Amino acid sequence: MTAATPINLLWAFVGCAVGTAIGVLPGLGPAVTVAMLLPITAQVEPTASMIFFCGIYYGAMYGGSTTSILLNTPGETGTMVTALEGFKMAKSGRAGAALATSAIGSFVAGTVATVLVTLFSPVMAEFAVQLGPPEYFCLMLLAFTTVSAVLGKSRLRGLTALFVGLALGLVGIDQITAQVRYTGGIPEFMDGVEVVLVAVGLFAVGECLYNALYEGRSVSDINRMGKVHMTRREWRRSWPAWLRGTAIGFPFGTIPAGGSEIPTFLSYATERKLSARKEEFGTTGAIEGVAGPEAANNSAVTATLVPLLTLGIPTSVTAAILLSAFQNYGLNPGPQLFQTSEGLVWALIASLYIGNVMLLVLNLPMVGLWVKLLKIPKAPLYAGILIFATVGVYGMRQSAFDLYLMLGLGLVGVVMRRFDFPTAPVIVGLILGPLAEAQMRNALSIGEGSWMVFLERPMSLTLLVIVALVLVLPRVIAWKRRA
Amino acid sequence: MNAPVPSRGAQTLIGAGALLVAALLAWGATGIPSEAGYAGVGPNFLPWVVAVALAACGGWLLFEARSGGFRELDPPSGAERGDWGALAWVVAGLLANALLIERAGFVLACALCYTLAVHGLRSAEGRPWRGPRQVLLDAVTGMLIALPVFWLFTQVLKVNLPGLTGTGWL
């Protein structure tokens with residue numbers, strides 16, 4: 001077991017601690033945390049850095065839930081539902097129970113989902129070997145459609161964000177013909193726009209600028225912390241919700257339609273329907289309403305590893321950033337990964353287990369310590385975030401030009417947030433765009449230039465039909481309901 | 001605390017902005033050769049697709065903005081009016097950072113960025129300026145954040161960050 005050496009366990013420990021610390025701070029989600037620390041891939045060997053990132057990721061998710069419960073400021077969409085009930089629970093003096101059920105629920109869901117990933121991935125990889133460029137292109141098309149058109153509220157704004165991401169992905173050298181596109185003669189653009197740069201700019205810098213511009217006078221009240229502890233009744237109410245949440249979350253993560261928004265809301269609705277104490281929902285806070293969605297979130301997020309590792313298709317912002325970490329090591333996730341770098345894949349999966357356990361053992365008793373971080377005043381906090389953003393972006397390829405670009409993207413982030421544009425499609429479009437383009441052109445080469453190649457192969461035709469359904473069905477349902 | 005949704009005028013501007021980006025993309029696409037080889041489509045194909053699609057999105061956004069506003073728009077969080085002065089301070093900090101990082105080194109550039117940004121963020125909170133002592137204190141705080149980060153990256157992780165001196169310590 002390469003993942004369980006003392007040095008790797010140390011990486012997992014440091015990762016969990018750093019991740020939780022940053023995750024607790026408002027405004028920085030798991031994805032940005034990983035993005036800012038990505039430069040270390042230049043020096044640290046792949047297994048250790050994967051373990052480190054898993055630790056950070058789990059830590060940051062847990063930290064984010066803590067903030068949602070105590071402060072009602074969800075760091076990312078997946079924890080929005082946690083904030084819904086968790087904040088209410090904390091308000092009525094049950095913050096401890098809410099934190100406990102979210103931590104243990106995440107652990108249960110994470111562990112079950114990791115087992116499922118272990119079982120499913122090799123099967124998926126074997127199946128994926130049979131897929132050709134036309135199928136890959138259609139899968140990516142499906143990912144684009146779901147990320148931009150289904151997850152957000154407005155399909156128009158989602159699609160606009162997607163095409164902005166695709167446009168950013170066009171910058172640089174074309175993979176197939178080595179043609180230079182959209183560089184404007186700036187040498188820094190030859191290598192393209194890094195996904196880390198865009199993530200840090202849009203999220204971290206954007207958050208800081210948005211705060212200076214609009215949130216200066218906003219006051220947030222912190223809920224008081226109780227002891228992190230659940231009564232026996234709360235345990236009894238929690239565990240079925242954890243299992244249901246896990247079951248709801250996993251399938252959503254595995255299909256290339258990622259995102260943890262739908263499963264968390266679905267789980268919330270389910271718990272609300274099944275609960276024997278419906279009156280607690282939305283009033284004093286129901287523990288099932290925290291336990292279920294939290295488990296669903298963690299399970300869906302873990303399951304996004306299946307399409308990432310076996311198909312090379314990232315369906316969430318974090319998966320996109322992990323993909324870019326793989327690319328930094330010259331590794332291309334996809335079915336071949338299980339043959340070429342089998343050791344690394346299993347080390348990654350093992351590190352998921354370790355990260356899960358580490359989190360439960362370390363963070364549950366220490367949550368009081370992390371909560372102290374919430375007392376840092378906002379001004380130095382956000383100004384400090386800029387320093388870390390600088391390290392992450394500048395450390396990537398030592399170019400001051402990237403810092404100007406980061407500022408520009410930060411301003412774009414402010415506009416997107418103000419006008420309610422989703423940001424995930426930008427990141428997914430940016431990293432998946434060039435891959436999809438290459439697959440499309442390869443597919444057309446196979447079909448000797450004929451577009452019929454996408455319709456003649458049964459798998460790719462099926463996928464295209466699904467894409468069409470995903471685009472059309474919601475509209476039909478809405479229309480029927482109105483009629 | 002939520003602000004009202006942005007005005008229709010501002011929404012129109014966003015739609016127009018998307019159209020402008022689409023136009024720039026299309027203009028850039030005219031300069032990309034189309035030699036296709038076996039694939040039937042060349043390197044200029046996707047640029048055209050993106051340009052046309054973004055133009056369609058921009059047009060549609062413009063239409064929504066002019067006919068009752070963006071659909072299903074959530075009111076943004078925070079104040080109704082932006083504190084542009086505060087934003088300018090933070091932007092100045094980031095610009096100074098980008099300008100100076102290769103001249104004065106990571107630590108000093110970041111400390112300056114921190115000092116300017118923290119001033120802007122504080123003024124957004126409506127707190128009065130408390131004189132040069134505060135500035136000095138902020139600069140020192142910025143250094144104290146930047147220095148350990150710098151050492152961690154240059155000494156432990158061996159990631160190259162520019163210093164004022166070549167020693168890797170400052």
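The rules behind the values
- Residues numbered from 1 in each chain as written.
- Chains lettered and ligands numbered in written order.
- Predicted model: local features only at pLDDT ≥ 70, side-chain atom pairs only at ≥ 80, totals over all residues.
- Contact = placed C-beta atoms within 7 Å.
- Helix = DSSP H or I, 4+ residues; strand = E, 2+ residues; numbered from the N terminus.
- Nonpolar A, V, L, I, M, F, W, Y, C, P; charged D, E, K, R; others polar.
- Expected span 1.5 Å × (residues − 1).
- Buried ≥ 20, exposed ≤ 12 C-beta atoms within 10 Å, placed from the backbone.
- Core = buried A, V, L, I, M, F, W, Y, C linked by C-beta atoms within 7 Å.
- Domains from an automatic or database assignment.
- pLDDT = per-residue confidence, 0-100.

Colleague: Help me out: how do you make sense of the interface of chain A and chain B in this one?
Modeller: For an interface, size is often stated in terms of accessible area lost upon the parts coming together. At the junction of the two partners, chain A supplies 55 residues and chain B supplies 65 residues. Take the side of chain A that touches chain B: its biggest share by element is 12 residues, from helix α16 (residues 378–397) of chain A. Looking at side-chain class alone, the side of chain A that touches chain B contains 29 nonpolar, 14 polar and 12 charged residues.

Colleague: Mind showing me how you'd approach helix α4 (residues 106–124) of chain B here?
Modeller: At 3.6 residues per turn, the α-helix brings residues three or four places apart onto the same side. Residues and elements named next belong to chain B. Compared with an ideal rise of 1.5 Å per residue, which puts 19 residues at 27 Å, α4 spans 27 Å between its outermost C-alpha atoms and is within 8% of the ideal. In terms of burial, α4 is largely enclosed, as 18 of its 19 residues are buried. G126 occupies a position one or two residues after α4 and carries a positive phi of about 85°.

Colleague: Mind showing me how you'd approach the nonpolar core here?
Modeller: One broad rule of soluble globular proteins: the nonpolar side chains tend to lie buried together. Within the largest apolar cluster, 218 residues are counted, with the highest numbers of intra-cluster contacts made by A199(A) and V200(A). Lining this core are residues from two domains, each supplying at least three of them: domain 1 (8–66) and domain 2 (84–156) of chain B.

Colleague: Before we go on, may I ask you to explain unusual backbone geometry in this structure?
Modeller: Here the phi dihedral of Q398(A) falls at roughly 50°; this positive angle occurs in a residue that is not glycine. Phi is positive for E72(B), which is not a glycine, with a value near 50°. One can find E72(B) in the loop between α2 (45–66) and α3 (84–104).

Colleague: Is there a simple way to explain the environment of S316(A) in this structure?
Modeller: All names here are of chain A. Topologically, S316 is positioned in the loop between α12 (305–311) and α13 (317–328). Using a count of 26 C-beta atoms within 10 Å as the deciding quantity, one classes S316 as buried. As for S316 and L28, which are separated by 288 residues in sequence, their C-alpha atoms are 16 Å apart.

Colleague: How do you make sense of the confidence of the model for chain B when you look at a structure like this?
Modeller: Chain-level pLDDT for chain B is 89 on average; 99% of the residues reach the 70-or-more range. Both scores are given for the predicted complex: the pTM is 0.87, the ipTM 0.94.

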